[in-house]
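Fold and geometry: a report
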Amino acid sequence: MSSAETPAPAADARTERRAKRLAKHLTAFSKQHGGSAEGVVEYVGRSATRIVVVGADGSWGDQVAPDYAVGRRAAELAGITLHDSFEGELGLKVRTGQYEWKRMAGIQLGG
């Protein structure tokens, strides 16, 4: 393995610091919503990754990480059970409220 393929120690330390910061938020969410959470880490674009979490009570939320490695590490540190996609079992656990329904209807109706 060449030095170009090996991450620099400073990059690893920065990834860990960023992941720990996000993990605090994910852990707090888990505690507030039933004590556990499941989620998925998804690419948003070149410079962002979204961590979508669903609490044991069906509430959901998200955090944005600067890259996939940070997002995945944050979820691991927070004890989030990760899925490959949001479809199927994980999606069925989501409980939506009035806010989400109003928001979705507004988007669909152009407002």
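Residues numbered from 1 in each chain as written. Predicted model: local features only at pLDDT ≥ 70, side-chain atom pairs only at ≥ 80, totals over all residues. Heavy atoms only, no water.

Next up on the list: the environment of alanine 19. Tracing the backbone shows alanine 19 in helix α1 (residues 9-32). Classification of alanine 19 as buried rests on a relative accessible area of 0%. Sequence separation between alanine 19 and leucine 77 is 58 residues; the distance between their C-alpha atoms is 7.7 Å. Sequence-distant contacts of alanine 19, that is, excluding residues within four places in its chain, are made with Val70, Arg73, Ala74 and Leu77. (Helix = DSSP H or I, 4+ residues; strand = E, 2+ residues; numbered from the N terminus. Buried < 20%, exposed > 50% of the residue type's maximum accessible area, 1.4 Å probe, protein only. Contact = heavy atoms within 4.5 Å.)

Taking burial as the measure, the eight residues of strand β2 (residues 48-55) include seven buried ones, the bulk of the element. Once strand β1 (residues 37-45) ends, the chain turns through two residues before running back antiparallel as β2. Sheet topology note: the β2/strand β3 (residues 60-65) ladder contains six bridges and is antiparallel. Across the sheet, the residue bridging to valine 53 is glycine 61, located in β3. Following β2, the chain reverses through four residues before pairing antiparallel with β3; glycine 58 in that reversal takes a positive phi of roughly 95 degrees. (Pairing = 2+ DSSP bridges.)

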